Amino acid sequence: MAKERGLISPNDFAQLQKYMEYSTQKVSDVLKLFEDGEMAEYVQGDAIGYEGFQQFLKIYLEADNVPSHLSLALFQSFQTDYYLEETVKKDLVCLSDVSCYFSLLEGGRPEDKLEFTFKLYDTDRNGILDSSEVDKIIIQMMRVAEYLDWDVSELRPILQEMMKEIDYDGSGSVSLAEWLRAGATTVPLLVLLGLEMTLKDNGQHMWRPKRFPRPVYCNLCESSIGLGKQGLSCNLCKYIVHDHCAMKALPCEVSTYAKSRKDIGVQSHVWVRGGCESGRCDRCQKKIRIYHSLVGLHCVWCHLEIHDDCLQAVGPECDCGLLRDHILPPSSIYPSVLASGQERKTSKTSQKTVDDLSLSTFEALRIDPVSNTHPLLVFVNPKSGGKQGERVLWKFQYLLNPRQVFNLLKDGPEPGLRFFREVPDCRVLVCGGDGTVGWILETIDKANLPVVPPVAVLPLGTGNDLARCLRWGGGYEGQNLGKILKDLEMSKVVHMDRWSVEVIPQQTEEKSDPVPFQIINNYFSIGVDASIAHRFHVMREKYPEKFNSRMKNKLWYFEFATSESIFSTCKKLEESLTVEICGKPLDLSNLSLEGIAVLNIPSTHGGSNLWGDTKRPHGDIHGINQALGAAAKVITDPDILKTCVPDLSDKRLEVVGLEGAIEMGQIYTKLKNAGHRLAKCSEITFHTTKTLPMQIDGEPWMQTPCTVSIAYACHKLNPQAP
């Protein structure tokens, strides 16, 4: 089949997806350039040659140097016998086919994709396609499905059945309205096109494609979904069906909020057949024989798994199980209209008011959490950690109430913070890297919340330095999320200082990069380590497909660090800047430095402690920090600095000098304990005289001569793992 369709390799497809993640272009905009814009010279009829195809990729992927093997493989993938009949020469490909293919892959609403692909082939603009033209669209859909590892043998008959229903009069032609209507009711096709299901609480499932590593059974036809085969699973209720059974599936039984007054306050079990993954009944402790048929029941909220016969022994009331401290059950969320106290003539009128209520914004809902619980607000960056972010999003939507879980790429953090604004004793969990954590903390600052919630971290990034300091680990590797939530429940809250940074450039003809943040959570640095980070950043922007795993990222860091150690681009840094701590100059004359780091936490660059471990003096129980008291805003005495212990909440920064990339590597590998301890202070100012690399919390930029001022801003609450 791969040969017949001219499929590119899985590695090439993964590389292409990486490019598309970083691109901001839309196919429709690029197509206009080829139809009647500056790229029209490359078009021959409705076809383009290899040179035109390369220009298409360059513009669409926003990459100057798309690897030749990838562009050639993609070009050849469109040169099947099917397409060659439509073109004049064998060295051409159909522009509509290329545009259709990429439009199916990029983000956007499924209905928009359906309309765009239809209009691509409606060349005479009469709103009608014949069967052969529609078949071209379906071929591209099948190609995309196969690249995404779908079971194409199941999708093909679904699309064929869809075509029969569209062409109900047997005329062989399809109108745009018929095409959109059929596509909008074909569930597997919508999932393939990237349908983002929203919480409508109208019985609609939140489907996602899933390949099952163990035998499971379809909730509709109750026949087996073969081992390793793909089906569809609902994120809300774990209802599982074959692709071809999705359109006949029973409505989803999960409601995420109370729709009437009788449902407020007391949560009932919501049972769904099957889905008993443990294989043992939580009531009688006997086996649930899941390998024979669709048996057993599981509760969506407390996740109890029981035999059918044990249902009567389990009471109707649900306590939300082991994760009750984090969960907002539907009985705790209800439309504000139900709390108004207004009398209505009949219950029918009251129910109609609730049903007609627009829940597109969370302001329409009110939260009254269960007493003595700490409802959890979860933010997930789906792009963090490869595909891990997306899986974490799906899992939390099932473990908690989906209304507690927010996709940061969809709406950002503001809707979630507004929804939880008045919720007492709530906590926030950020699933992403250090950059995502900084984004959430900055948004919380601007939200002006009545009570600032503590923020925990599930590390999905590359460095994850803040998560390391809070003992949440250096990176999530698929551990049990239920256990992580229990650890969060038992965690203690620690304070973390945060620092404002102001960069005032001098008047020069040179132009600086934009400063990424105005707040420092982790660290700030100038020189060698920022130079390495900047080279890494530039290379990742140019070749994103080379940076698709933590291991690859670390190898690239190692390569850039090796290069930096050879060329020493920041040699004699002390000659290019002056440093003031609390208004007093810091003497650097006797040092030969290539970098200076200002630390708020004892972890940088993915686990490197530049300050080093500190051995406390004999008999020092509380540490030198407490003994010095608040009066000691500046410490530069080398003997005292040897005993200073980094503290996230002491309102002081640690300042470290770095001799070069080799020394950084020695510290990271524990061959050397620390860099050169320069000071411990509450304010610091840099004056630079030439363009230098700088970074804040791992985000680098090139800065022209300037003054950088860092001062205490505030503190945040962060749960620390037990």
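Presented here is an overview of the structure given in this document.

About the cut-offs
- Residues numbered from 1 in each chain as written.
- Predicted model: local features only at pLDDT ≥ 70, side-chain atom pairs only at ≥ 80, totals over all residues.
- Heavy atoms only, no water.
- Helix = DSSP H or I, 4+ residues; strand = E, 2+ residues; numbered from the N terminus.
- Expected span 1.5 Å × (residues − 1).
- Buried < 20%, exposed > 50% of the residue type's maximum accessible area, 1.4 Å probe, protein only.
- Pairing = 2+ DSSP bridges.
- Contact = heavy atoms within 4.5 Å.
- Axes fitted to C-alpha atoms, helices over the stretch in contact; angles between N-to-C directions.
- Salt bridge = Lys/Arg side-chain N within 4 Å of Asp/Glu carboxyl O.

Bringing unusual backbone geometry into the picture now. For Glu62, which is not glycine, the phi dihedral falls at a positive 55°. In this fold, Glu62 is placed in the loop between helix H4 (50-60) and helix H5 (68-77). Its identity is not glycine, yet Asn448 carries a phi of approximately 55°, on the positive side. Note on placement: Asn448 falls in the loop between helix H17 (434-447) and strand S19 (455-459).

This part covers helix H20 (residues 528-542). Across its 15 residues, H20 extends 21 Å between first and last C-alpha, which sits within 8% of the 21 Å expected from 1.5 Å per residue. Among the residues of H20, those classed as buried are Val528, Asp529, Ala530, Ser531, Ile532, Ala533, His534 and Phe536.

Moving on, we come to the sheet that holds strand S27 (residues 653-658). Across the sheet, seven strands lie side by side as S26-S28-S27-S25-S22-S30-S31; this open sheet has antiparallel pairing. Strand pairing shows two members of the sheet lacking a second neighbour, strand S26 (634-635) and strand S31 (699-703), which therefore form its edges. Here S26 runs beside strand S28 (residues 676-681); their pairing, made up of two bridges, is antiparallel. Pairing of Ile635 across the sheet is with Lys680, part of S28. Sheet contacts for H20: strand S22 (523-527), strand S25 (595-599), S27, strand S30 (692-696) and S31; angle to S22, the most-contacted strand, approximately 95°.

Let us now look at the pattern of salt bridges. Opposite charge on two side chains makes pairing possible when the charged atoms of those side chains draw close. For the structure on display, the rule yields 14 salt bridges. For Arg421, the salt bridge goes to Glu422, with nearest N and O atoms at 3.9 Å. For Arg421, a relative accessible area of 33% corresponds to the partly exposed category. A salt bridge links Glu663 to Lys672, with the shortest nitrogen-to-oxygen separation between them at 2.5 Å. Relative accessible area serves as the criterion here: at 5%, Glu663 is assigned to the buried category. On the basis of relative accessible area, Lys672 is assigned to the partly exposed category, the value being 29%.

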